[in-house]
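As a plain string of letters, each chain reads:
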Amino acid sequence: MKKIALLGATGSIGTQTLDVIRTHRDEFSLVSMSVGQNIDKAREIVAEFQPRILSVSKKEDYEVLKDEFLNITIVYGEEGLIEVATCSEADVVVTAVMGSVGLFPTIEAIRARKTIALANKETLVTAGHLVMKEAREYGVSILPVDSEHSAIYQCLQGENMKEINRLIITASGGSFRDKTRQELEGVTVEEALNHPNWSMGAKITIDSATMMNKGLEVIEAHWLFNMPYEKIDVLLHKQSIIHSMVEFHDRSVMAQLGTPDMRVPIQYALTYPNRMVLPSTPLNLAEIGTLDFAKMDFERYRCLSFAFEAGKTGGTMPTVLNAANEQAVALFLEGKISFLQIEDVIEKALNWHTVQQNPCLQTIKEVDLETRSYVLSLIS
Ligand SMILES: NC(=O)C1=CN([C@@H]2O[C@H](COP(=O)(O)OP(=O)(O)OC[C@H]3O[C@@H](n4cnc5c(N)ncnc54)[C@H](OP(=O)(O)O)[C@@H]3O)[C@@H](O)[C@H]2O)C=CC1
Ligand SMILES: CC(=O)[C@@H](O)[C@H](O)COP(=O)(O)O
Ligand SMILES: [Mn+2]
């Protein structure tokens with residue numbers, strides 16, 4: 001029985017992780033979980049899965065729930081996330097919270113020698129050098145949940161890392177892939193949230209539409225696979241059937257394919273190096289008929305250029321990229337800036353910041369907060 005700590009149980013990845021646990025009750029159990037503000041859903045999950053620890057974001061919710069659930073430990077805030085992530089019984093921590101709030105709990109989970117099933121890509125973007133260093137020092141595995149990175153990880157099984165020519169990360173193009181830049185003027189939040197292939201949380205769906213999601217994934221791949229940016233390519237692939245590829249020195253290319261279903265990479269991270277049955281729709285290539293590919297247009301998708309530049313610059317630049325993006329997307333979702341202003345704001349933040357190399361956790365925390373304030377000052 002593998003015991004799971006789940007950060008972000010009420011979200012898209014969280015819900016699908018619970019689905020995997022539900023499918024394999026004899027193999028997995030939920031020992032601790034966090035939610036943000038969705039307390040009603042938290043109550044349902046607790047009733048069904050009976051975890052030992054529940055963390056909520058707000059103190060007010062903690063006050064209510066601690067009198068309601070007398071048999072489990074209720075905690076809150078950042079300390080609460082850490083308590084969930086370091087729960088003594090947990091073998092593996094699924095990091096499915098949204099944003100850089102996932103960083104500190106992930107670091108503490110590594111220090112507590114938990115295996116990490118990492119969905120929360122912002123953690124690696126904002127502090128990849130520190131997370132990977134801690135994982136090496138504590139001998140902890142970081143298993144990718146993000147579909148592209150899971151695909152690459154699967155393609156690399158049994159291979160020699162020194163024989164890789166390049167990683168090829170596929171990109172759907174997001175909600176506005178058939179629009180020109182001019183046509184992006186005035187697009188609505190509702191339109192942006194309509195991803196062609198995946199049903200995901202709001203923030204990542206907007207990231208997909210701006211192509212920042214692919215930028216974050218390039219940085220994530222750089223850290224996970226220790227790959228220089230020059231050896232990471234992005235390829236437009238409308239159908240999201242090929243989840244990503246690896247080209248080797250002999251020009252052989254390995255790809256991982258499947259119907260878009262996040263339960264597959266989630267389950268793979270939980271069962272690695274084995275596989276288990278999953279009631280997922282089989283891939284029917286005869287029915288699909290054609291798979292499309294196109295060259296990435298870096299002028300159309302400026303956020304991808306920003307991410308490559310920030311990644312290559314290193315130091316605190318990826319922290320600024322991530323924090324500016326999180327703040328800009330939040331403002332877009334609140335209707336306070338337009339879709340095209342997301343990339344303007346990020347570009348301004350990257351130009352405003354003076355990079356510091358090899359930042360420690362405290363510096364990353366400060367730069368993250370300063371960047372968010374800077375972005376807010378731009379629109380006030
Ligand atoms: N969805 C997907 O298919 C994929 C997602 N990912 C990555 O996985 C992560 C989660 O994405 P997704 O599931 O889509 O996101 P959702 O928005 O659906 O879920 C986010 C989860 O995090 C919680 N949360 C949000 N903010 C905070 C906070 N400040 N403190 C504590 N908890 C918080 C939410 O709680 P509540 O709702 O209760 O407020 C919810 O449980 C992201 O990093 C994303 O990039 C990667 C690949 C695919
Ligand atoms: C499911 C998943 O891993 C997402 O990150 C997905 O890849 C988003 O798709 P695009 O960013 O390619 O639109
Ligand atoms: Mn992805």
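Keep in mind the model is a prediction, meaning the values are calculated, not measured. (Residues numbered from 1 in each chain as written. Chains lettered and ligands numbered in written order. Predicted model: local features only at pLDDT ≥ 70, side-chain atom pairs only at ≥ 80, totals over all residues. Heavy atoms only, no water.)

## A look at the pairing of strand 2 (residues 28–34)
- Judged by how many residues are buried, strand 2 sits mostly within the fold: 6 of 7 residues are covered.
- Of the strand pairs in this sheet, strand 1 (residues 2–7) and strand 2 are connected by 6 bridges, and their pairing is parallel. The partner of K2 across the bridge, within strand 2, is F28.
- Sheet topology places strand 2 next to strand 3 (residues 53–56); 3 bridges connect them, and they run parallel. Bridging across to strand 3, M33 finds its partner in L54.
- Tracing the backbone out of strand 2, into helix 2 (residues 39–49) and back to the parallel element strand 3 gives a crossover that is right-handed. (Buried < 20%, exposed > 50% of the residue type's maximum accessible area, 1.4 Å probe, protein only. Helix = DSSP H or I, 4+ residues; strand = E, 2+ residues; numbered from the N terminus. Pairing = 2+ DSSP bridges. Right-handed = clockwise from strand over helix to strand, strands pointing away.)

## Looking at the UniProt feature "domain: 1-deoxy-D-xylulose 5-phosphate reductoisomerase N-terminal" (unreviewed entry) in the chain
- Per the UniProt record, "domain: 1-deoxy-D-xylulose 5-phosphate reductoisomerase N-terminal" (unreviewed entry) is annotated on residues 4–128.
- Span residues 4–128 is 47% helix and 22% strand, its end C-alpha atoms 23 Å apart. (UniProt positions renumbered as here; feature names shortened; annotations may be inferred.)

## Quick word on the UniProt feature "domain: 1-deoxy-D-xylulose 5-phosphate reductoisomerase C-terminal" (unreviewed entry) in the chain
- Under the present numbering, the feature "domain: 1-deoxy-D-xylulose 5-phosphate reductoisomerase C-terminal" (unreviewed entry) in UniProt falls on residues 142–225.
- For residues 142–225, the end-to-end C-alpha separation is 11 Å, with 42% helix and 13% strand making up the annotated structure.

## Details of the sheet that holds strand 11 (residues 253–257)
- Within the open sheet, the 5 strands sit side by side as 11-10-8-9-12. Their pairing is mixed. Lying at the two open borders of the sheet, with one neighbouring strand each, are strand 11 and strand 12 (294–295).
- For strand 9 (residues 232–236) and strand 12, the ladder comprises 2 bridges, and the chain directions are antiparallel. Paired with L236 across the two strands is A294, which belongs to strand 12.
- The strands touched by helix 7 (residues 147–155) within the sheet are strand 8 (164–171), strand 10 (242–248) and strand 11, with strand 10 carrying the most contacts at an inclination of about 40°. (Contact = heavy atoms within 4.5 Å. Axes fitted to C-alpha atoms, helices over the stretch in contact; angles between N-to-C directions.)

## Regarding helix 4 (residues 77–85)
- Turning to helix 4, its buried residues are G80, L81, I82, V84 and A85.
- As for helix 4, its buried residues are in contact with strand 1, strand 2, strand 3, strand 4 (73–76), strand 5 (92–95) and helix 5 (103–111).

## A short note on the site of ligand 2
- Ligand 2 sits among 16 residues. The nearest are S147, E148, S172, S208 and N213.
- Here an oxygen atom of ligand 2 sits 2.7 Å away from a polar atom, N or O, in the side chain of N213.
- Between K214 and ligand 2, the recorded distance is 3.0 Å, taken from a side-chain N or O atom to an oxygen atom.
- In the complex, the protein chains occlude 97% of the 350 Å² of accessible area that ligand 2 would expose alone.
- Listed by contribution, the elements that provide at least two residues to the shell around ligand 2 are helix 7, helix 9 (202–210) and helix 10 (212–224). (Near = heavy atom within 4 Å. Polar contact = N/O pair within 3.5 Å; in protein donor to acceptor, adjacent residues only side chain to side chain. Areas by Shrake-Rupley, 256 points an atom, 1.4 Å probe, with all protein chains shown as cover.)

## A word on the site of ligand 1
- The immediate surroundings of ligand 1 are formed by 24 residues, with T10, S12, I13, Q37 and E122 found nearest.
- Here an oxygen atom of ligand 1 and a backbone polar atom of I13 are 2.9 Å apart.
- Contact with the protein chains removes 82% of the 890 Å² of surface that ligand 1 exposes when unbound.
- Counting residues per element, the ones that place at least two in the shell around ligand 1 are helix 1 (12–23) and helix 6 (121–138).

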